[in-house]
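This is what each chain is made of:
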Amino acid sequence: MQGVKGNFSLFRPDLITVFMVEMWERFAFYGGRAVLVLFLISPAAQSGLGLPDASATSIYGLYTAMALLLGLLAGWVSDAYIGARSSVALGGILILTGNTMLSAGAYFSSAPLVYSGLSCDALGIAFLKPNASSLVAQLYPDGGAERDAGFLVFYTGISIGALVGSLAIPLLAARFGWWAGFASTSVGMLIGLIQFYLRSHHLRNVGLPVKDNETMKASRKSIVYSILLGGVAILMVLQIDISLPALVEIISWLMVVVAFIYFTYLVTRPDVDTQARKRMFALILLCIGLSLYLVGYHQGGSSLNIFTERFTDREIWGWEIPAGAFQSIIPFASIIFAPVFAIMWVQLGTRGIVPSSIIKFGVALLLMGLGFLIMTRASANAAAIGKVLPVWLVCTFVVHTIADLFIAPIGLSAASKLAPPNRLAQTIGLWFVFGAIGNALSGVLAGKMDLTDAARLSEGFYDVFLMGLFSALAMFALAPFYRRLCGGRSQVV
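Residues numbered from 1 in each chain as written. Predicted model: local features only at pLDDT ≥ 70, side-chain atom pairs only at ≥ 80, totals over all residues. Heavy atoms only, no water.

## Describing the pattern of salt bridges
Close approach of charged atoms allows side chains of opposite charge to pair. Tallied over the full model, the rule gives seven salt bridges. Ionic pairing is found between Glu249 and Lys448, a salt bridge with its closest N-O pair at 3.6 Å. One end of the pair, Glu249, is in helix 9 (residues 244–267); the other, Lys448, is in helix 15 (residues 424–448), and 199 residues separate them in sequence. Taking the shortest distance from any N to any O, the salt bridge between Arg314 and Glu320 comes out at 3.8 Å. Taken together, the salt bridges that share partners define one network made up of Glu309, Arg314 and Glu320. (Salt bridge = Lys/Arg side-chain N within 4 Å of Asp/Glu carboxyl O. Helix = DSSP H or I, 4+ residues; strand = E, 2+ residues; numbered from the N terminus.)

## Focus on unusual backbone geometry
Phi at Ser47 is positive, roughly 70 degrees, even though this residue is not glycine. A relative accessible area of 37% places Ser47 in the partly exposed class. In this structure, Trp317 is a non-glycine residue whose phi angle is positive, near 50 degrees. Within the fold, Trp317 resides in the loop between strand 1 (315–316) and strand 2 (319–320). (Buried < 20%, exposed > 50% of the residue type's maximum accessible area, 1.4 Å probe, protein only.)

## Some remarks on helix 12 (residues 329–351)
In a regular helix each residue adds 1.5 Å, so 23 residues correspond to 33 Å; helix 12 covers 33 Å between its end C-alpha atoms and thus fits that length. Where helix 12 bends most, at Ile335, the angle is about 35 degrees, and the proline Pro339 comes one to four residues later. For helix 12, the complete set of buried residues consists of Ile329, Ile330, Pro331, Ala333, Ser334, Ala338, Phe341, Ala342 and Trp345. Of the residues one or two after helix 12, Gly352 is the one with positive phi, at around 70 degrees. (Expected span 1.5 Å × (residues − 1). Bend = angle between axes of the 7 residues up to and from the residue.)

## Things to note about a nonpolar patch on the surface
Taken together, Tyr107, Phe108, Phe176 and Trp179 make up a surface patch of nonpolar side chains, about 500 Å² in accessible area. Tracing the backbone shows Phe108 in helix 3 (residues 71–108). (Patch = residues over 30% accessible without salt bridge, like charges linked within 9 Å, V, L, I, M, F, W, Y side chains within 5 Å. Areas by Shrake-Rupley, 256 points an atom, 1.4 Å probe, with all protein chains shown as cover.)

## Section: the packing of aromatic side chains
Following the criterion strictly, the structure yields 16 aromatic pairs and no others. Both rings, one in Phe361 and one in Trp431, keep their centres 6.0 Å apart while their planes meet at 65 degrees; by these two values the pair is edge-to-face. Of this pair, Phe361 sits in helix 13 (residues 357–385) while Trp431 is found in helix 15, placing the two residues 70 residues apart along the sequence. Here Phe361 matches Trp431 in class, with each residue buried. Here the aromatic rings of Tyr462 and Phe465 are separated by 5.6 Å at their centres, their planes lie at 40 degrees, and the arrangement is tilted. Of the two residues, Tyr462 and Phe465 both sit in helix 16 (residues 454–486), three residues apart, roughly one turn of that helix. Judged by relative accessible area, Phe465 falls into the buried class, the value being 15%. Three or more aromatic residues joined by ring pairs make a cluster, and in this case those are Phe307, Phe311, Phe372 and Phe461. The ring of Phe176 carries Arg175 above its face, with NZ or CZ at 4.9 Å from the centroid. (Phe/Tyr/Trp six-rings, centres within 6.5 Å; stacked < 30°, edge-to-face > 60°. Lys NZ or Arg CZ within 6 Å of the ring centre and 35° of its normal.)

## Details of the nonpolar core
Counting 148 residues, the largest nonpolar core has Phe154, Tyr293, Phe307, Trp431 and Tyr482 as its most contacted members. Sorting elements by how many residues they give to this core places helix 1 (residues 13–41) first, with 16 residues. Beyond its immediate stretch of four places on either side in the chain, Phe307 contacts Thr312, Met375, Ala378, Ser379, Ala382, Val388, Leu393, Leu457 and Phe461. Core analysis: the next-biggest nonpolar cluster, separate from the first, contains twelve residues, Leu73, Ala80, Tyr81 and Ile82 among them. (Core = buried A, V, L, I, M, F, W, Y, C linked by side-chain atoms within 4.5 Å. Contact = heavy atoms within 4.5 Å.)

## Observations regarding the packing of helix 9 against helix 10 (residues 274–297)
Two elements in contact, helix 9 and helix 10, have axes separated by 10 Å at closest approach and are oriented at 160 degrees. In terms of orientation, helix 9 lies roughly antiparallel with respect to helix 10. Crossing of helix 9 over helix 10 shows right-handed handedness. Here Phe260, Phe263, Leu266 and Val267 of helix 9 come into contact with helix 10, specifically with Arg277, Met280, Phe281 and Ile284. Looking at side-chain class alone, the contact of helix 9 with helix 10 contains seven nonpolar, no polar and one charged residues. (Axes fitted to C-alpha atoms, helices over the stretch in contact; angles between N-to-C directions. Parallel < 35°, antiparallel > 145°, perpendicular 65-115°, else oblique. Left-handed = near helix turned anticlockwise from the far one by under 90°. Nonpolar A, V, L, I, M, F, W, Y, C, P; charged D, E, K, R; others polar.)

## Notes on the side chain of Asp121
Looking at the element boundaries, Asp121 is found in helix 4 (residues 111–139). No salt bridge is formed by the buried Asp121. Its closest oppositely charged neighbour is Arg26, at 8.0 Å. Here the side chain of Asp121 touches Tyr63 through a polar contact of 2.7 Å, side chain to side chain. Among residues more than four places away in sequence, those in contact with Asp121 are Tyr63, Leu94, Ile95, Gly98 and Asn99. (Lys, Arg positive; Asp, Glu negative; His and termini not counted. Polar contact = N/O pair within 3.5 Å; in protein donor to acceptor, adjacent residues only side chain to side chain.)

So far we have only geometry, and geometry alone does not tell us how the molecule works.
Written as structure tokens, this is what we have:
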């Protein structure tokens, strides 16, 4: 499949088309993420579901994990049948449906509707997000620093959606109720779908299916059955009446098994040569780093969000800022820093001194840990004085933003470069499976923290700092081995 070639530009119509649909999807996801845990733990008197902290954080971790785990299904459907472009459209429709159900569940205080909406939403994200990334990769078929820069531009565009969503949706939820916040995510996704349909001609032949129409028609039943099976599986898991934290921990380790089985399948295929197999082993090192990173990073929507609600002084001029609105700090900082990183990678690329991806991952893990070292001090202060100023959270989220710029867009670019021929979407799906492991374990970790006691929370945050520190040291130590696996491509991977 060929991409659209040409000189690098920040405003390519094809790139803009893809990141605009992803922008609105991120509006929905990050806006919903900002209020989801708070809605789940809010008592029934405040129109919430009144769940215990550990159950709420487990649901959050499982929801975000399933959104990535089902990327395997989406990658298979995209590669084999409908193509990345149709997968993006299908994902948007599922997200629109799921968020509408979530809003209705919040309005009627119906837990089954809420869980059903989260299930449908997770399946939609699985189809849209990895395939949108696949489209961006196909726009830069030659790879190199331009693809890195393209992913960073893509990342900047979707950060706008994350910023607006994480500001607007908590404010709407605080003013009109939880249901209004979730309803606005449906409106945003509808706008994204409409623009994607109207501007899809800019993509030319990028993202079209590789199979002929007759094969696609013959496969429609299997596609529909797979989607239904995936949706029912999520729905059943979310509604099992046992200890959610224990369930999510079991699922997390099952996902580890699934990830390595699928990795084995990819590397042992007869059409994968020796060098491609080595590059896949290089990718697995990055995947493990991603999982460890996300365990800490996604505390932002769970333990750090609850810390904001309970231990942060949010009052300004007599008005209390909704806790979820602080989630907007990360996308705001991304918009500021991402263009700087894009220029930096291109300039370093022209000089041939771009650090390998595993070094970038090590830096990201180190910065993630540093953010939790800051929160260790903030929690200790909260234990002494009750509530702390928001400056602690601002500093942590800015540090985490810089960390994310070292790993999120760079990781997707590296996965696309290290993928075996004709297995791009499935390899990116594998990447998101390891992301799912990190997301699920983040919910497990948050559930093990005592989120009602600031002193004990300080100890939990310090443990996350240590995890980030030692993981970073491991990435740095493995860098020479990683370069050997990449062969002559170490400068761009």
